[in-house]
Amino acid sequence: MAALASSLSLSPQYRTRSKEYQQHHHGSIVEEIKGLIRVHKDGYIERPQVVPCVSSSALSPELKVTSRDMVIDNVTNTWARFYVPNLHHHSKIPLLVYFHGGGFCIGSAAWSCYHDFLAKLSAEVGCMIMSVNYRLAPENPLPSPYDDGIKTLMWVKQQFLYQYNDSEWWTKKCNFSSVFLGGDSAGANIAYNVAIRVSESESESESESESALRPLNLKGLVLIQPFFGGEVRTASEKSMAESPGSALNLAASDAYWRLALPCGADRDHPWCNPIAKGAVKLKNLLVPTLVCISEMDILKDRNLEFCDALAKEGITVEYSVFKGVGHAFQILSKSHISKYTTHQMMSCLKSFIMPL
């Protein structure tokens with residue numbers, strides 16, 4: 001599995017022609033989230049380049065983190081960007097498999113905001129991070145990202161079992177018995193649903209040796225502002241729909257779900273609403289979970305309901321509500337309070353992943 005020399009080929013194909021030109025050649029716009037994505041009647045997709053993509057080498061030397069891109073699946077163009085802290089000690093370190101946000105429809109592991117955030121997180125926590133670039137909706141609706149997540153874990157398992165030469169730069173430093181799944185927004189939804197799949201396969205195995213992940217050991221789940229939904233609105237969805245302190249509003253949330261869910265599914269589909277009637281039992285989640293919630297996020301109440309439901313099922317769950325910040329503050333906001341709170345969040349993640 002060769003490392004990629006450059007991330008240029010990994011950048012999304014952005015469209016630069018005028019809106020009028022696109023409508024003339026591809027028909028009317030049937031779905032739009034202003035400035036982020038347009039879907040035309042003939043299925044043509046536009047994703048304006050709202051965030052620049054950067055190469056893995058675009059890192060400050062002060063961070064002392066090594067970053068490279070590696071291909072997971074050529075057929076689906078699934079790849080991952082690794083962040084490995086250059087630590088002085090020789091102890092092996094945990095691996096956090098991370099999924100970026102973007103409502104399942106936009107975003108990239110090469111986006112500069114994710115590149116900067118995850119490089120700093122790797123250095124701060126002292127763990128290895130694998131940032132997965134999965135397939136996007138509406139071209140690849142759910143469960144495609146979940147499939148990519150499972151395939152990623154199987155790929156990690158193969159790297160450990162066969163010790164490929166091209167992967168030694170990270171596998172020799174990785175503690176494969178301490179693997180975490182995580183992500184923010186839609187990426188947190190992916191991490192949760194991948195963890196549910198893993199937990200179900202674990203419970204169905206007759207012995208530990210038959211477990212699909214062995215010898216990998218999933219130790220925990222890190223969910224940052226997880227993107228869940230439901231047909232019945234919560235109080236925070238109603239009251240903070242247009243909050244200037246958040247990167248997500250109710251109209252955009254609804255549009256993302258229309259684009260991502262299978263045809264005919266509503267927002268009480270289990271992939272959207274994990275506590276809806278008929279959803280997979282939360283007790284099947286076999287790993288401790290950390291949930292990071294933003295006070296000014298429309299998802300705040302839904303995230304709190306999710307934490308309560310986990311606790312009622314006996315799942316070990318920790319959560320923190322970060323004051324004065326909105327959705328995706330840690331990657332999109334440059335304000336003083338966001339920078340300070342991002343440092344607080346990183347400290348929470350460190351305590352969860354690297355307990356004393």
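Basis of the calculations
- Residues numbered from 1 in each chain as written.
- Predicted model: local features only at pLDDT ≥ 70, side-chain atom pairs only at ≥ 80, totals over all residues.
- Heavy atoms only, no water.
- Helix = DSSP H or I, 4+ residues; strand = E, 2+ residues; numbered from the N terminus.
- Buried < 20%, exposed > 50% of the residue type's maximum accessible area, 1.4 Å probe, protein only.
- Contact = heavy atoms within 4.5 Å.
- Areas by Shrake-Rupley, 256 points an atom, 1.4 Å probe, with all protein chains shown as cover.
- Salt bridge = Lys/Arg side-chain N within 4 Å of Asp/Glu carboxyl O.
- pLDDT = per-residue confidence, 0-100.
- Pairing = 2+ DSSP bridges.
- Axes fitted to C-alpha atoms, helices over the stretch in contact; angles between N-to-C directions.
- Parallel < 35°, antiparallel > 145°, perpendicular 65-115°, else oblique.
- Left-handed = near helix turned anticlockwise from the far one by under 90°.
- Nonpolar A, V, L, I, M, F, W, Y, C, P; charged D, E, K, R; others polar.
- 1 Å grid on protein atoms, 1.4 Å probe; cavity = no way out; pocket = protein on both sides within 12 Å on 5 of 7 lines; lining within 4 Å.
- Points joined across faces, edges and corners; volume = space filled by probe spheres on them.
- Core = buried A, V, L, I, M, F, W, Y, C linked by side-chain atoms within 4.5 Å.
- Polar contact = N/O pair within 3.5 Å; in protein donor to acceptor, adjacent residues only side chain to side chain.

A.B. asks: Sorry if this is basic, but what is going on with the overall build of the protein chain here?
C.D. replies: Of the regular secondary structure elements, the protein chain holds 10 helices and 12 strands. Looking at the protein chain as a whole, 54% of its 356 residues are labelled buried. Long-range pairs, those at least 24 residues apart, make up 75% of the contacts in the protein chain with a sequence separation of at least 6. In the structure as shown, the protein chain presents an accessible area of about 15700 Å², 51% of it carried by carbon and sulfur atoms.

A.B. asks: When you look at the pattern of salt bridges in this model, what are you seeing that I'm missing?
C.D. replies: For the structure on display, the rule yields 12 salt bridges. A salt bridge links Arg81 to Asp69; the nearest nitrogen and oxygen atoms lie 2.6 Å apart. Placement of the pair is Arg81 in strand E6 (residues 78-85) and Asp69 in strand E5 (residues 65-73), with a sequence separation of 12 residues. The partner of Asp254 in a salt bridge is Arg233, and the shortest N-O contact between them spans 2.7 Å.

A.B. asks: What exactly am I supposed to notice about the confidence of the model for the protein chain here?
C.D. replies: Low-pLDDT portions of the prediction should not be read for the details of their coordinates. Looking at the protein chain, the pLDDT average stands at 91 and 90% of residues meet or exceed 70. pLDDT under 50 marks residues 1-16. Its contacts with residues more than four places away, or in other chains, come to 35 contacts.

A.B. asks: Before we go on, may I ask you to explain the sheet that holds strand E2 (residues 29-33) in this structure?
C.D. replies: If you trace the three strands from one edge of the open sheet to the other, you get E2-E3-E4, paired in antiparallel fashion. The open sheet is flanked by E2 and strand E4 (45-46), the only strands paired with a single partner. With four bridges connecting them, E2 and strand E3 (residues 37-40) associate as antiparallel partners. Along E3, the bridge assignment pairs Glu31 with Val39. Sheet strands touched by helix H7 (residues 250-260): E2 and E3. Its angle to E2, the strand with the most contacts, is close to 130°.

A.B. asks: Looking at this model, I keep getting lost on the packing of helix H2 (residues 112-125) against helix H10 (residues 336-353). Mind explaining?
C.D. replies: How two helices sit against one another is set out by the angle between their axes and by the gap between those axes. One can describe the packing of H2 onto H10 by two numbers: an axis separation of 9 Å at closest approach and a directional angle of 50°. Considered as vectors, H2 and H10 are oriented oblique to each other. As H2 runs across H10, the sense of the crossing is right-handed. For the pair formed by H2 and H10, the contact residues are Phe117, Lys120, Leu121, Glu124 and Val125 on the first element and Thr342, His343, Met346, Leu349, Lys350 and Ile353 on the second. For the contact of H2 with H10, the class distribution of residues is six nonpolar, two polar and three charged.

A.B. asks: Can you help me understand empty space enclosed by the protein in this one?
C.D. replies: The gaps of empty space that remain are located by a probe, the size of a water molecule, rolled over the atoms. Scanning the entire structure with this criterion turns up two cavities of 30 Å³ or more. Lining the second largest cavity we find Phe228, Gly229, Gly230, Arg233, Glu237, Leu250, Ser253, Asp254, Trp257, Arg267 and Arg302. Here the lining of the second largest cavity gets four residues from one element, more than from any other, and that element is H7. Classifying every residue of the lining of the second largest cavity by side-chain character gives three nonpolar, three polar and five charged.

A.B. asks: Honestly, unusual backbone geometry in this entry has me stumped. Any pointers?
C.D. replies: Peptide bonds are mostly trans, and most non-glycine residues show a negative phi. For the bond from Ala137 to Pro138, the omega torsion is 5°, close enough to zero to count as cis. Tracing the chain through its elements places Pro138 in the loop between strand E8 (128-133) and helix H3 (144-162). With an omega of 15°, the peptide bond running from Leu142 to Pro143 counts as cis. Inspection of the secondary structure assignment puts Pro143 in the loop between E8 and H3. One non-glycine residue with positive phi stands out, namely Gln163, at about 50°. By relative accessible area, Gln163 is classed as partly exposed at 30%. Positive phi values are uncommon outside glycine, yet Gln225 reaches one of about 45°.

A.B. asks: Would you mind going over the pairing of strand E10 (residues 218-224) with me for this structure?
C.D. replies: Consecutive side chains of a regular strand alternate in pointing toward one face of the sheet and then the other. With respect to burial, E10 is a largely interior element, six of its seven residues being buried. Judged from the six bridges that link them, strand E9 (residues 174-184) and E10 form a sheet pairing that is parallel. The residue bridging Val179 from the neighbouring strand is Leu218, located in E10. Pairing analysis gives four bridges linking E10 to strand E11 (residues 289-294), with the strands arranged parallel.

A.B. asks: Any chance you could explain the nonpolar core here in plain terms?
C.D. replies: The tendency in soluble globular proteins is for nonpolar side chains to be buried side by side. If you look at the biggest cluster of nonpolar residues, it comprises 107 residues, and the most contacted ones within it are Phe104, Trp170 and Leu181. It is helix H5 (residues 186-204) that contributes the most residues to this core, nine residues altogether.

A.B. asks: I would appreciate a short explanation of the environment of Glu46 in the present structure.
C.D. replies: Within the secondary structure, Glu46 sits in strand E4. A sequence separation of 11 residues divides Glu46 from Gly35, and the C-alpha atoms of the two residues are 9.7 Å apart. A polar contact is formed between the side chain of Glu46 and the side chain of His40, at a distance of 2.5 Å.

A.B. asks: Looking at this structure, I do not really get the side chain of Asn133. What am I missing?
C.D. replies: Within the secondary structure layout, Asn133 lies in strand E8. A residue is classified by how much of its surface remains accessible, and Asn133, at 10% relative accessible area, is buried. A polar atom in the side chain of Asn133 sits 3.2 Å from the side chain of Ser108. At a separation of 2.8 Å, a polar atom in the side chain of Asn133 contacts the main-chain amide nitrogen of Ala109. Those residues within four positions of Asn133 in sequence are excluded, and the remaining contacts are Asn77, Thr78, Trp79, His100, Ser108 and Ala109.

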